[in-house]
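Residue-level structural notes
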Amino acid sequence: MTKHLGKGAASGSEVEVEHSVLAYLHGHPQAADTLRGIVNWWLPQQRYENGCQHIEHVLGRLVAEGLLHCDQLPDGEVLYALNKHTRSPQPH
């Protein structure tokens, strides 16, 4: 991977920000904003999108394992709930 952060080694958080900004721009190639706009809009949106994708994957796995069940609502959203027919391990 090519470093884009100038001299010295980049910290983990700097690399995360770099990846988030570049991912946002790849998804929105016409985007342009100020530092304030990037901090307030791009980064939170990128984290939210990535977080939702990760959570959706986990929920899908729990449904596949029979621990949760899901129902599609009329508006297309999916409602997740504990599958009452399966005894799941209790959280610690």
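This write-up is about the structure you can find in this document. Only a predicted model underlies this, so the values are computations on that prediction, with no experimental measurement involved. Counting restarts for each chain: residues are numbered from 1 in the order of the written sequence. For a predicted model such as this one, the threshold for reporting local features is a pLDDT of at least 70, and the threshold for listing and counting side-chain atom pairs is 80 or more; totals across whole chains, interfaces and linings nevertheless cover every residue. Only heavy atoms go into the side-chain values, all of them from the structure, while hydrogens and water stay out.

1. Quick notes on the side chain of Asn83
Helix and strand definitions here come from DSSP, where helices need a minimum of 4 consecutive H or I residues and strands a minimum of 2 consecutive E residues; each element is numbered from the N-terminal end. Along the chain, Asn83 falls in the segment after β2 (78-82). Polar contacts involving the side chain of Asn83 include one to the main-chain carbonyl oxygen of Gly66, which spans 2.9 Å. When neighbours within four sequence positions are excluded, Asn83 is seen to be in contact with Gly66, Leu67, Leu68 and His69. Two N or O atoms form a polar contact when they lie within 3.5 Å of each other; inside protein one atom must be a possible hydrogen donor and the other a possible acceptor, and for residues adjacent in sequence the pair counts only when both atoms belong to side chains. Contacts are assigned to residue pairs with any non-hydrogen atoms lying within 4.5 Å of each other.

2. Topic: the pairing of β2
Both strand β1 (residues 68-72) and β2 contribute to a ladder of five bridges, which runs antiparallel. Bridged to His69 within β2 is Ala81. If DSSP finds at least two bridges between two strands, the strands pair. Between β1 and β2, which follow one another and run antiparallel, lie five residues, and Gly76 among them has a positive phi close to 100°.

3. Comments concerning the pattern of salt bridges
Working definition: two side chains of opposite charge can pair if their charged atoms are close together. Salt bridges, as used here, are contacts in which a Lys or Arg side-chain nitrogen is within 4 Å of a carboxyl oxygen on Asp or Glu. Counted by the stated rule, this structure contains two salt bridges. A salt bridge links Glu16 to Arg47, with the shortest nitrogen-to-oxygen separation between them at 3.5 Å. Separated by 31 residues along the polypeptide, Glu16 in helix α1 (residues 12-27) and Arg47 in helix α2 (residues 35-64) bring together distant segments of the chain. The rule is simple: take the accessible area with a 1.4 Å probe, protein chains only, and divide by the maximum for that residue type; under 20% is buried, over 50% is exposed, in between is partly exposed. Take Glu16: its relative accessible area is 42%, and that puts it in the partly exposed class. Residue Arg61 pairs with Glu65 through a salt bridge whose shortest N-O separation is 3.9 Å.

4. Here's the deal with the packing of aromatic side chains
Within 6.5 Å between ring centres, the rings of Phe, Tyr and Trp (the latter by its six-membered ring) count as paired, and their orientation is classed by plane angle as stacked under 30 degrees, edge-to-face over 60, tilted in between. Under the criterion given, the structure shown has one aromatic pair. When the centroid spacing of 4.7 Å and the interplanar angle of 15° are considered together, the rings of Tyr24 and Trp42 count as stacked. In this pair, Tyr24 is assigned in helix α1 and Trp42 in helix α2, connecting sequence segments 18 residues apart. Each member of the pair, Tyr24 as well as Trp42, carries the same accessibility label: buried.

5. Let's talk about the nonpolar core
Within soluble globular proteins, side chains that are nonpolar tend to cluster in buried spots. Working definition of a nonpolar core: buried Ala, Val, Leu, Ile, Met, Phe, Trp, Tyr and Cys residues. They are joined through side-chain atoms within 4.5 Å. Counting five residues, the largest nonpolar core is built from Val21, Tyr24, Ile38, Trp42 and Leu43. Listing elements by their share of this core, those giving two or more residues are α1 and α2. In this view, Leu43 contacts Val17, Ser20, Val21 and Ile38; residues no more than four positions away in its chain are not counted.

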